Amino acid sequence: MLGFRLLVAAALAVYGCAAQNASLDFPEDFMFGVATAAYQIEGAWNVSGKRESIWDDFTHEHPDWIADGSNGDVACDSYHKLDVDLEMLQDLGVDFYRFSFAWSRILPEGHTDQINPDGISYYNRLIDGLLAAGIQPVATMYHWDLPSPLQDLGGWPNSFTADFFVQYARVLFENFGDRVKWWITFNEPKEVTRGYGENDKAPRINTHGIGEYLSAHTILLAHARTYHMYDEEFRATQQGRVSITLNQDFCIPKDDSEENKDAADRCNQFELGWFAHPIYSQEGDYPEVMRTRIDENSAAEGRPFSRLPYFTSAQVEYIKGTFDFFGLNHYSTRLAEDGLAGENPSRKRDGGYATSFDPSWPTSASDWLVVYPEGIRLIVNWINATYGDVPILITESGFSDLGELNDTGRQDYYREYLRQLSLAINEDGINVIGYTAWSLMDNFEWLDGYTARFGLYYVDFEDDDRPRTAKGSAELYKQIVASHQVPEAESTAAWGW
Ligand code: GBE
């Protein structure tokens, strides 16, 4: 019996190899990780010297804006459960852990005149714990939790916020840069700007069409200054990498018409190019199509200046090239068509496109997240074609459901997205260096509160102890990380692709 089994196993192995062309789906040095963000997991919102951020204020003042009226006061309580988090990471066998620093845990007032030793020691324990387990820290400086005193001064539309950010970044390099070798200045700046141009992000100051462009401008300069500071003062000794994470749910044309192809291109330029073109393109500066349309709209509105601010030519040069890799968060894909959407004026309306989903695409627990695995292959190809052969690190990707332990939807998502990503690498020759599953565990999902869950681990938010339980997807991911192969589907799928 045993002999027969071995024979079958050997035959399968040979078949498997032949089917896989005897090569791995992912190169040996390809890195796999998982991600979280401070406000979504830490809790301890007012513990050990931490002060309020705009997300504390947002959720406390307006529980009615959150689906279940909840907040991140306790969240996964990772501030107190660091050891458990480290065990989970070790069990997954990941190469890296992407987490974010809570600015107001380190600098309670946002300013460097007061550095909170308990905040520093929390992140020291995290970083040392990771390194002891052979896991690289990938650290995000800003994942949406601006210290409230800086919002009182205007927040990101105020260009001086860049000064405060750079000072904060210096504290991070000085305290952690001896051990952190992968830095991300901002997570999803486009989403940050929505706090000043739409109603779905803190601080919910809806200066649409104006505040969103001003905040993007500040963030781009803050990013570039941080990158140059690293170059000038830290790179020689610390030898790390500094970049930014941009998010794009890729836009493809709704049909073959020229106008909808243009609309899809405008979508990608107005959303991804907005930040990517100044940093990653040869020419630098905002994409031409943004410049033209927003200048024209502003003039037509009778304004004496464009709602899209101008960089000086020195600033264009200064921002250009401030990257060591391309951090990309990618979850989903949209169909774009020519047309007007959003408030007047707004970035959405300036873009002149509307987006929708193909009804055949599988859905998730998030209204914006549908499953279109080819999208990840398309977008890394687009980035490569548009900005050249930059190393791409997928810094987030994942799927939401209502909290099933046998999370077949998430398992199918990872299998299919990773299969497409491996095609991008092996067939298309795109330089993708790593993939990050969002998220290590269920956590505070912003406006959705705890209703939409993204974790590889289930978290029981009813239990004071916040116990974590591995879902099926944790097993699957562990297997993929260890083998660098995507296993054939066991057809758990409710959907057949
Ligand atoms: C990331 O954001 C975040 O980095 C992470 O914190 C979060 O938990 C995770 O993903 C899961 O959400 O038609 O333009 O109004 C926009 C994802 C929908 C960012 C797009 C939803 C960006 C959130 C719809 N947004 N996406 S529309």
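This one's a predicted model, so the numbers in the text were calculated from it and none came from an experiment.

(A) Region of the structure containing the packing of aromatic side chains. On inspection of all chains with the given rule, the structure shows 56 aromatic pairs. Seen in terms of ring centroids, Phe26 and Phe32 are 5.3 Å apart; in terms of plane orientation they differ by 80°. Their pairing is edge-to-face. A residue is classified by how much of its surface remains accessible, and Phe26, at 0% relative accessible area, is buried. Among the aromatic residues, ring-to-ring pairing joins Tyr79, Tyr97, Phe99, Phe101, Tyr122, Tyr123, Phe173, Phe176, Trp183, Tyr230 and Phe234 into one connected group.

(B) Summary view of the state of the cysteines. Applying the stated rule across the entire model yields one disulfide. With a sulfur-sulfur separation of 2.2 Å, Cys251 is cross-linked through a disulfide to Cys267. As the torsion about the S-S bond is roughly 60°, the Cys251-Cys267 disulfide counts as right-handed. Of this pair, Cys251 sits in strand 6 (residues 250-253) while Cys267 sits in helix 11 (residues 258-280), placing them 16 residues apart in sequence. Here the two residues Cys251 and Cys267 agree in accessibility, since each one is buried.

(C) Representation of the side chain of Ser100. On the secondary structure map, Ser100 appears in strand 2 (residues 96-100). Here the side chain of Ser100 touches Ala38 through a polar contact of 2.8 Å, landing on its backbone nitrogen. What Ser100 contacts, discounting residues up to four positions off in sequence, is Thr36, Ala37, Ala38, Glu42, Tyr123, Thr140 and His143.

(D) Molecular detail of the pattern of salt bridges. One pass over the full model with this rule turns up 37 salt bridges. Here Lys81 ties to Asp465 by a salt bridge, and the two come within 3.5 Å at their closest N and O atoms. Taken together, the positions of Lys81 in the loop between helix 3 (54-61) and helix 4 (82-92) and Asp465 in the loop between strand 12 (457-459) and strand 13 (468-470) put the pair 384 residues apart, joining distant regions of the chain. By relative accessible area, Lys81 is classed as buried at 13%. Through salt bridges that share partners, Glu191, Arg194, Glu198, Asp200, Lys201 and Lys348 make up one connected network.

(E) Seen up close, helix 12 (residues 288-300). With 13 residues, helix 12 ought to run about 18 Å at 1.5 Å a step, and its terminal C-alpha atoms sit 18 Å apart, in line with that. Buried residues of helix 12: Met290, Arg291, Ile294 and Ser298, and no others. For helix 12, the arc enclosing every buried residue in end-on projection is 100°, short of the 170-degree limit, so these residues lie on one face. For helix 12, exposure combined with an orientation more than 90 degrees from the buried face picks out Glu288, Glu296, Ala299 and Ala300. The elements touched by buried residues of helix 12 are helix 10 (211-238), helix 11 and helix 14 (347-351). Positive phi appears at Gly302, one or two residues downstream of helix 12, with a value of about 80°.

Calculation criteria
- Residues numbered from 1 in each chain as written.
- Predicted model: local features only at pLDDT ≥ 70, side-chain atom pairs only at ≥ 80, totals over all residues.
- Heavy atoms only, no water.
- Phe/Tyr/Trp six-rings, centres within 6.5 Å; stacked < 30°, edge-to-face > 60°.
- Buried < 20%, exposed > 50% of the residue type's maximum accessible area, 1.4 Å probe, protein only.
- Disulfide = S-S within 2.5 Å.
- Helix = DSSP H or I, 4+ residues; strand = E, 2+ residues; numbered from the N terminus.
- Polar contact = N/O pair within 3.5 Å; in protein donor to acceptor, adjacent residues only side chain to side chain.
- Contact = heavy atoms within 4.5 Å.
- Salt bridge = Lys/Arg side-chain N within 4 Å of Asp/Glu carboxyl O.
- Expected span 1.5 Å × (residues − 1).
- Arc of directions from axis to C-beta.

Keep in mind these numbers describe shape, not what the thing actually does.
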